[in-house]
Amino acid sequence: MATTFDPFREMDRLFGEGFRTGGPGPMPMDLYKRGETFIAEIDLPGVDPGTIDIDVEDRTLTVRAERVRENLDDVRWLSHERPTGTFARQLSLGGGLALDHIEAKYHNGVLTLTIPVAEEAKPRKISVSHGDDTTAIQGKAETS
C-alpha cells in the first residue's frame, strides 16, 4: 500500500517548535491550514504597523515588532502587565512552500501571514494510458 506524501507534516511540527523572545508570550499565534494555504495569525495589539518587520532566510521566517510605551515618568504604577519593547518570533518553514508568495496583513492588532503551498509540492493525479498497443508492436516485428 502506498503512503501519502504530506509535505506539511514537518512544517506543522516545526511551526509548533517556533520560539519566542522578549518575555513570556508577547506574540501568541494561531496556525491552521485552509486548502493549499497555511495561515498564521499573530496577536500584536498596540503595535505600530510601521515597526513590524518580516524576513525569510534559509526557510526561517522571523517576525519582529515593537510596542512603545509613552513617557510616563510622573506616574506611580499600580499594575504594569503589558509588555513593551521589541518582540520577535521565528518559525522554521518546511519544504514545499512558496516563500516568494507569502503575504502579510495587519488589522485590528492581528498580523495575518498567508503562506501558500508551492505548485510543485501540490498533489497531482497521473493518468494511466491503456488500450491495445499490440498492433504497433507487431508492425515493428514484421519490418525487422
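Residues numbered from 1 in each chain as written. Predicted model: local features only at pLDDT ≥ 70, side-chain atom pairs only at ≥ 80, totals over all residues. Heavy atoms only, no water.

**Some remarks on the nonpolar core**
Step number 1: Counting residues in each nonpolar core, the largest one holds 19 residues, and the members touching the most others are Ile42, Leu44, Val63, Leu111 and Leu113.
Step number 2: Taken together, the elements giving at least two residues each to this core come down to strand S3 (37-43), strand S5 (60-67), strand S6 (85-92) and strand S8 (110-116).
Step number 3: Every residue in contact with Leu111, bar those within four places of it in the chain, is listed here: Ala40, Glu41, Ile42, Leu44, Ile52, Ile54, Val63, Ala104, Lys105 and Tyr106. (Core = buried A, V, L, I, M, F, W, Y, C linked by side-chain atoms within 4.5 Å. Buried < 20%, exposed > 50% of the residue type's maximum accessible area, 1.4 Å probe, protein only. Helix = DSSP H or I, 4+ residues; strand = E, 2+ residues; numbered from the N terminus. Contact = heavy atoms within 4.5 Å.)

**Concerning the confidence of the model for the protein chain**
Step number 1: Summarising the model, the protein chain shows a mean pLDDT of 79, and 72% of its residues fall at 70 or more.
Step number 2: Low pLDDT, under 50, characterises residues 17-24; the stretch is placed with 15 contacts to residues that sit more than four places away or in other chains. (pLDDT = per-residue confidence, 0-100.)

**Examining the sheet that holds S8**
Step number 1: In space, the four strands of this open sheet follow the order S2-S3-S8-S7, with antiparallel pairing throughout. What marks the edges here is a single partner per strand, and that holds for strand S2 (29-34) and strand S7 (103-107). Neighbour-to-neighbour, the strand axes of this sheet turn through a mean angle of 15°, independent of strand direction. (Pairing = 2+ DSSP bridges. Axes fitted to C-alpha atoms, helices over the stretch in contact; angles between N-to-C directions.)

**Observations regarding the side chain of Thr112**
Step number 1: Relative to the elements of secondary structure, Thr112 occurs in strand S8.
Step number 2: You can call Thr112 buried: its relative accessible area is 18%.

**Quick look at the pattern of salt bridges**
Step number 1: Scanning all chains against the criterion turns up two salt bridges.
Step number 2: The residue Asp55 makes a salt bridge to Arg64 at a minimum N-O spacing of 3.5 Å.
Step number 3: The exposure class of Arg64 is partly exposed, given its relative accessible area of 34%.
Step number 4: One continuous salt-bridge network, built from bridges that share partners, spans Asp53, Asp55 and Arg64. (Salt bridge = Lys/Arg side-chain N within 4 Å of Asp/Glu carboxyl O.)

**With respect to the environment of Thr86**
Step number 1: Structurally, the position occupied by Thr86 is in strand S6.
Step number 2: Here the alpha-carbon distance between Thr86 and Thr51, two residues 35 residues apart in the chain, equals 9.0 Å.

**Some remarks on the pairing of S2**
Step number 1: Pairing of S2 with S3 involves six bridges; the strand directions are antiparallel. For Asp30, the partnering residue across the bridge sits in S3 and is Glu41.
Step number 2: Taken together, S2 and the strand that follows it, S3, pair antiparallel across an intervening segment of two residues, in which Gly35 is found at a positive phi of about 65°.

**Considering the environment of Gly94**
Step number 1: Within the secondary structure layout, Gly94 lies in the loop between S6 and S7.
Step number 2: Each C-alpha atom of the pair Gly94 and Thr60 lies 9.0 Å from the other, and the pair is 34 residues apart in sequence.

**Overview of unusual backbone geometry**
Step number 1: Even without being glycine, Asp58 reaches a positive phi, approximately 50°.
Step number 2: Here Asp58 lies in the loop between strand S4 (53-57) and S5.
Step number 3: Backbone geometry places Asn108, a non-glycine residue, at a positive phi of 50°.
Step number 4: Topologically, Asn108 is positioned in the loop between S7 and S8.
Step number 5: Accessibility expressed as a relative area gives 70% for Asn108, which makes it exposed.

**Quick look at the side chain of Arg67**
Step number 1: Structurally, Arg67 can be placed in strand S5.
Step number 2: The charged side chain of Arg67 is buried without a salt bridge, its nearest counter-charge being Asp43 at 8.9 Å.
Step number 3: Polar contacts involving the side chain of Arg67 include one to the main-chain carbonyl oxygen of Pro45, which spans 2.8 Å.
Step number 4: Once you skip the residues sitting within four places of it in the chain, Arg67 turns out to touch Leu44, Pro45, Gly46, Val47, Arg82, Pro83, Thr84, Gly85 and Phe87. (Lys, Arg positive; Asp, Glu negative; His and termini not counted. Polar contact = N/O pair within 3.5 Å; in protein donor to acceptor, adjacent residues only side chain to side chain.)

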